[in-house]
Amino acid sequence: MQTFVTREEIFIWREQQQAEQKQIGFVPTMGALHQGHLSLVEQACKENDIVLVSIFVNPKQFNQSADLQSYPRMLSADLALLHHLSNVVIFAPDEHEMYPAHIPYSPMPLGKIGQLLEGAHRPGHFEGVVHVVHHLFALIQPHRAYFGQKDFQQLAIIRSLNEYYGFGINIIGCETIRESDGLAMSSRNLRLTHDQRQNAVSISKAITLIKNRCGLDPIEEVKQAARYIIEQAGLAIDYLEIVDPTTLEKCTEWQQLQVCCVAAFCGEVRLIDNMLCESVL
Ligand code: PAF
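Since the model is a prediction, treat every value here as computed from it, not as a measurement.

(A) Representation of the pairing of strand E8 (residues 257-266) within the structure. Among the ten residues of E8, eight are classified as buried, and the element is accordingly described as predominantly covered. Of the strand pairs in this sheet, strand E7 (residues 236-243) and E8 are connected by seven bridges, and their pairing is antiparallel. Bridge pairing in E8 links isoleucine 237 to alanine 264. Sheet analysis places E8 next to strand E9 (residues 269-278), joined by ten bridges and oriented antiparallel. Directly across from leucine 257, in E9, lies its bridge partner glutamate 278. Hairpin remark: E8 followed by E9, antiparallel, with two residues in the connecting loop; positive phi at glycine 267, about 65°.

What follows is the structure in structure tokens.
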């Protein structure tokens, strides 16, 4: 499997793909790959001639240095997971290669959507995501890019980044992949102890409760019941909101479609999840 580490290598590879009129799919990751990532890669492989997977733990999107330090890094294991896929190549640059001083970058205004939920609770996070994805899009120039819906707000911001800079990439949101008990797959799950792993499932139980009671009981009552499930399991809620799927503004009444978004600390590990909820109104 070809593994590139420099921009120059990607530039040459990109020219070759273009000369051969190959359709390029792109799956950006921070490594510690799990079944959620693999499902993005599998979809990308079906829909493109060649797929580039980037593996880069982006320091700019971590608002706490302890979180950055403890983020799992396991490049050899990641490569082994992708090794059997013949039309996949890897880009695993270091920080200097990802952010060379001479590459111009003017930040996109994130607007209201970037200030809510994760934006409010993790200052600077989306600025860092947009910065790295901008550089990756500009370098790789894929036809399609694949992102998980688990990062619902990130996906919305990537769509506006694509429009703002005029990249013209087809941004594809892929469904959240869950463990058999419902816990959304995340590289951060690797940091959970056995007991924390048991308790973490309360997040998906809570959002499933919201989905099931959507439109049936008063919205605040349903939120309270969901909070209770998570807190009873010993997690500390950072936020639990029911929001409009387009504006991400808080819903005070049920509407046809809403998304419930949760961030909670399971010990030191911050987990997020969300679910689209259709009202039976
Ligand atoms: O979703 C992620 O893993 C990261 O935010 C991304 C898109 C790879 C940018 O670092």
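(B) Spotlight on the packing of helix H7 (residues 125-140) against helix H8 (residues 152-164). Put simply, H7 and H8 touch, their axes get as near as 10 Å, and they point 50° apart. What the angle tells us is that H7 and H8 run oblique. Between H7 and H8 the crossing geometry is right-handed. Side by side, H7 and H8 meet where Phe126, Val129, Val130, Val133, His134 and Phe137 of the first sit next to Gln153, Gln154, Ile157, Ile158 and Leu161 of the second.

(C) Here's a closer look at the sheet that holds E8. Ordered by their spatial adjacency, three strands build an open sheet running E7-E8-E9, and the pairing between neighbours is antiparallel. Looking along the sheet, the strands with just one partner apiece sit at the ends: E7 and E9. Averaged over all pairs of adjacent strands, the angle between strand axes in this sheet comes to 10°, irrespective of strand direction. The strands touched by helix H9 (residues 194-213) are E7, E8 and E9; relative to E9, the strand with the most contacts, the crossing angle is about 20°.

(D) Highlighting the nonpolar core. Of all hydrophobic cores here, the largest spans 42 residues; its most connected members are Leu52, Phe91, Val133, Phe137, Ile140, Phe147 and Ile171. The element contributing the most residues to this core is H7, with nine residues. The contacts of phenylalanine 91, once residues within four sequence positions are left out, are Phe4, Val5, Thr6, Arg7, Ile10, Leu52, Val53, Ser54, Ile55, Met98, Leu136 and Leu139.

(E) Broad picture of the site of the ligand. Near the ligand, the surroundings consist of Pro28, Thr29, Met30, Asn58, Gln61, Val132, Phe147, Asp151 and Gln154. At 2.6 Å from an oxygen atom of the ligand is found a side-chain nitrogen or oxygen belonging to glutamine 61. Between an oxygen atom of the ligand and a side-chain N or O atom of glutamine 154, the distance comes to 2.7 Å. Expressed as a share of its isolated accessible area of 290 Å², the protein-covered part of the ligand is 88%. Partitioned by chemical class, the residues of the shell around the ligand number four nonpolar, four polar and one charged.

(F) The layout of surface pockets, seen in detail. The computed volume of the second largest pocket comes to approximately 270 Å³. Lining the second largest pocket are 14 residues, with Gln149, Phe152, Leu155, Asn274 and Leu276 sitting closest to its centre. If you list the elements that add at least two residues to the lining of the second largest pocket, you get H8 and E9. A total of four residues in the lining of the second largest pocket trace back to one element, the largest contributor, which is H8. By residue class, the composition of the lining of the second largest pocket is seven nonpolar, four polar and three charged.

(G) Representation of the sheet that holds strand E3 (residues 50-55) in the model. Pairing in this open sheet of six strands is parallel, and the strands run E1-E4-E3-E2-E5-E6 from one edge to the other. Of all the strands in the sheet, just strand E1 (3-4) and strand E6 (170-174) have a single pairing partner and so form its edges. In this structure, E3 lies alongside strand E4 (residues 88-91), joined through four bridges in parallel fashion. Paired with valine 53 across the strands is isoleucine 90, a residue of E4. Sitting on the sheet, helix H1 (residues 7-19) touches E1, strand E2 (24-29), E3 and E4, and the angle it makes with E3 is about 165°.

(H) Fine view of the pairing of E2. Most of E2 is tucked away, with six of its six residues classed as buried. Here E2 shows a buried face lined by Ile24, Phe26 and Pro28 and a second buried face lined by Gly25, Val27 and Thr29. Looking at chain direction, E2 and E3 are connected through six bridges and run parallel. Bridging from a neighbouring strand, phenylalanine 26 pairs with leucine 52 of E3.

Definitions and limits used
Residues numbered from 1 in each chain as written. Predicted model: local features only at pLDDT ≥ 70, side-chain atom pairs only at ≥ 80, totals over all residues. Heavy atoms only, no water. Buried < 20%, exposed > 50% of the residue type's maximum accessible area, 1.4 Å probe, protein only. Helix = DSSP H or I, 4+ residues; strand = E, 2+ residues; numbered from the N terminus. Pairing = 2+ DSSP bridges. Axes fitted to C-alpha atoms, helices over the stretch in contact; angles between N-to-C directions. Parallel < 35°, antiparallel > 145°, perpendicular 65-115°, else oblique. Left-handed = near helix turned anticlockwise from the far one by under 90°. Contact = heavy atoms within 4.5 Å. Core = buried A, V, L, I, M, F, W, Y, C linked by side-chain atoms within 4.5 Å. Near = heavy atom within 4 Å. Polar contact = N/O pair within 3.5 Å; in protein donor to acceptor, adjacent residues only side chain to side chain. Areas by Shrake-Rupley, 256 points an atom, 1.4 Å probe, with all protein chains shown as cover. Nonpolar A, V, L, I, M, F, W, Y, C, P; charged D, E, K, R; others polar. 1 Å grid on protein atoms, 1.4 Å probe; cavity = no way out; pocket = protein on both sides within 12 Å on 5 of 7 lines; lining within 4 Å. Points joined across faces, edges and corners; volume = space filled by probe spheres on them.

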